[in-house]
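Now for the letters of each chain:
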Amino acid sequence: MRTTPASPSFWRSPLRGPWFTSVLGLVLLVGITVLFVTGLVSYAAYNPGLSPLNDKTPDKGVLGLYLFAWPTGPHWLYRLTQGVHVTLGVTLIPVLLAKLWSVVPKLFALPPARSLTHALERVSLLLLVGGGLFEFVTGVLNVQLDYLFPGSFYPLHFYGAWVFFAAFVAHAVLKVPAAVRNVRKAREEGELVAPRPEPPTVSRRGALWFVGGGSLLLFATTAGQSFDGPLRRTALLAPHGGADPAQGPNGFQINKTAAYAGIDHAETAEDAWRLVVVGRSGRTVRLGRTELAQLPLYSSALPIACVEGWSTSDQSWRGVRLRDLAALVGYDVDPPDVLVESLQRRGAFRHAALRANQVADPRSLLALYVNGEALSPDHGYPARVIVPAAPGVLNTKWVARLTFGKV
Ligand SMILES: Nc1nc2c(c(=O)[nH]1)N[C@H]1C(S)=C(S)[C@@H](COP(=O)(O)O)O[C@H]1N2
Ligand SMILES: [Mo]
């Protein structure tokens with residue numbers, strides 16, 4: 001007898017059944033919820049409500065309802081939330097694939113719809129499977145080849161997350177009670193069980209260990225991106241993992257180099273570069289690097305934590321407090337928001353707005369030095385912003401201008 005994928009007897013694996021599907025489903029229930037929350041939090045960390053410059057998804061509408069003022073402490077906050085988001089996302093890939101494999105016969109089941117309810121259920125499954133694959137694929141591509149989506153990754157991944165999560169919640173409400181029962185039940189029965197199974201080559205538990213082993217391998221070769229030194233070298237799969245880029249005080253991860261950003265040595269030279277600080281009623285101060293270095297300098301131990309999931313451990317930055325610069329131009333108390341602009345002429349990250357709470361934090365600096373040495377050109381010489389708990393993208397390098405009170 002010839003069978004087609006639409007007939008249950010076409011599918012021969014003795015592993016398929018409610019137990020295997022339910023265990024994987026419950027793992028994803030927890031994992032994807034964490035991914036969704038850490039993802040929304042990452043968007044909030046950009047302060048998109050503050051300025052169109054920070055807002056990567058201007059048409060978010062009500063989806064931005066939850067946005068809140070991102071705090072400045074604990075100083076490793078974004079390092080943690082975004083490290084978890086990216087590393088967990090990578091780790092869950094084998095679980096997602098195994099879950100899809102375990103239910104694939106349902107995809108081919110005919111007739112396509114037995115009733116209106118059944119039709120609705122299948123459409124929601126399409127959004128679930130399509131949305132899930134879309135989120136994982138866009139996430140991995142952005143981390144691995146971050147130039148693939150010039151500016152468009154954020155809206156894709158953000159809207160995709162809402163569609164996917166809506167379908168995910170509906171699915172979970174319908175399936176969780178049965179899934180909990182299925183993992184406890186001794187006997188396997190139901191539509192996923194192959195009516196004519198092949199002889200087993202591995203037990204269901206063995207197959208689960210195989211999936212778990214795959215996840216563990218991905219975890220072990222990704223998680224190191226959130227650390228320095230020997231641990232970083234274990235992050236073989238993370239594009240910014242592997243060895244630290246250089247030795248010495250400036251020898252920590254560089255995202256975009258000065259050459260990539262088109263920063264010319266001539267414009268950062270001692271006699272050419274001037275920081276322009278603009279404040280209350282247009283009051284303007286111009287400072288060279290030597291003059292800046294004569295202002296009161298402070299040290300802050302803060303990491304760089306990128307949206308791509310990698311981060312450095314705390315580096316010792318030294319420079320002028322942002323709130324002291326605000327005071328120079330008329331904001332002695334309660335410093336306002338600030339617009340930071342770089343020497344860089346092109347690229348989405350050449351400017352950013354910081355919230356008043358970030359300006360006011362005494363650890364927020366316009367850094368001139370790192371780990372006891374002048375900033376290297378690639379880390380933002382002559383001066384860069386460093387703010388506690390903020391995503392790397394708000395730590396603008398090669399700063400040329402600070403405008404307080406108008407973002
Ligand atoms: N002018 C400018 N500043 C920038 C960027 C940039 O492309 N241009 N990249 C940002 C991003 S995305 C990150 S993660 C950090 C990385 O800082 P680092 O290269 O010193 O590690 O710098 C930020 N500052
Ligand atoms: Mo970044």
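Note that the coordinates shown come from a computational prediction; the quantities given were computed from them, not determined experimentally. (Residues numbered from 1 in each chain as written. Chains lettered and ligands numbered in written order. Predicted model: local features only at pLDDT ≥ 70, side-chain atom pairs only at ≥ 80, totals over all residues. Heavy atoms only, no water.)

Chemist: When you look at the UniProt feature "domain: Oxidoreductase molybdopterin-binding" (unreviewed entry) in the protein chain in this model, what are you seeing that I'm missing?
Modeler: The feature "domain: Oxidoreductase molybdopterin-binding" (unreviewed entry), as annotated in UniProt, sits at residues 269-404 in this numbering. Between the end C-alpha atoms of residues 269-404 there is a gap of 25 Å, over a span that is 12% helix and 34% strand. (UniProt positions renumbered as here; feature names shortened; annotations may be inferred. Helix = DSSP H or I, 4+ residues; strand = E, 2+ residues; numbered from the N terminus.)

Chemist: I keep staring at the domain arrangement of the protein chain and nothing clicks. Help me out?
Modeler: Quite often, the size of an interface is put as the accessible area lost when its parts meet. Under the domain assignment, the protein chain is made up of domain 1 (8-220) and domain 2 (258-404). Between the C-alpha centres of domain 1 and domain 2 the distance comes to 38 Å. In this assembly, 28 residues from domain 1 lie in contact with 32 residues from domain 2. On inspection of domain 1 and its partner domain 2, the count reaches twelve residue pairs in polar contact (both at pLDDT 80 or more). If you list the elements that add at least two residues to the side of domain 1 that touches domain 2, you get α1 (18-45), α2 (77-91) and α5 (116-144). Considering each element in turn, the side of domain 1 that touches domain 2 owes the most residues, six residues, to α2. Tallied by class, the residues present in the side of domain 1 that touches domain 2 amount to 15 nonpolar, ten polar and three charged. (Domains from an automatic or database assignment. Contact = heavy atoms within 4.5 Å. Polar contact = N/O pair within 3.5 Å; in protein donor to acceptor, adjacent residues only side chain to side chain. Nonpolar A, V, L, I, M, F, W, Y, C, P; charged D, E, K, R; others polar.)

Chemist: Whenever I open this one, the nonpolar core confuses me. Can you help?
Modeler: As a rule of thumb, soluble globular proteins bury nonpolar side chains together. Core analysis: the largest hydrophobic core is formed by 33 residues, its most contacted members being Leu 275, Leu 292, Leu 325, Leu 354, Leu 366, Leu 402 and Phe 404. Secondary-structure elements contributing two or more residues to this core are α9 (258-261), β1 (275-278), α12 (322-328), β5 (338-342), β6 (351-354), β7 (365-370) and β10 (399-404). Take this core: its biggest share by element is four residues, from β10. In terms of nonpolar packing, the next biggest core, distinct from the first, is built from 25 residues, Val 23, Leu 96, Phe 136 and Phe 158 among them. (Core = buried A, V, L, I, M, F, W, Y, C linked by side-chain atoms within 4.5 Å. Buried < 20%, exposed > 50% of the residue type's maximum accessible area, 1.4 Å probe, protein only.)

Chemist: Where do I start with the site of ligand 1 in this structure?
Modeler: Close to ligand 1 lie 18 residues; Gln 253, Gln 344, His 379, Arg 384 and Lys 397 are nearest. Asn 255 is positioned such that a nitrogen or oxygen atom in its backbone is 2.7 Å from an oxygen atom of ligand 1. Look at ligand 1: alone it shows 530 Å² of surface, and the protein chains cover 99% of it. For the shell around ligand 1, the residue count by class is seven nonpolar, eight polar and three charged. (Near = heavy atom within 4 Å. Areas by Shrake-Rupley, 256 points an atom, 1.4 Å probe, with all protein chains shown as cover.)

Chemist: Can you help me understand unusual backbone geometry in this one?
Modeler: It is generally the case that most residues other than glycine have a negative phi and that most peptide bonds are trans. Residue Pro 111 follows Leu 110 across a cis peptide bond; omega there is -5°. Relative to the helices and strands, Pro 111 is located in the loop between α4 (104-108) and α5. In this model, Tyr 381 is joined to Pro 382 through a cis peptide bond whose omega is 10°. Structurally, Pro 382 is set in the loop between β8 (373-374) and β9 (384-386). Although it is not a glycine, Asn 47 adopts a positive phi angle of roughly 55°. When you line up the elements, Asn 47 lands in the loop between α1 and α2. The exposure class assigned to Asn 47 is buried, which follows from its relative accessible area of 0%. The backbone of Asn 371 shows a phi angle near 50°, a positive value even though the residue is not glycine. Topologically, Asn 371 is positioned in the loop between β7 and β8.

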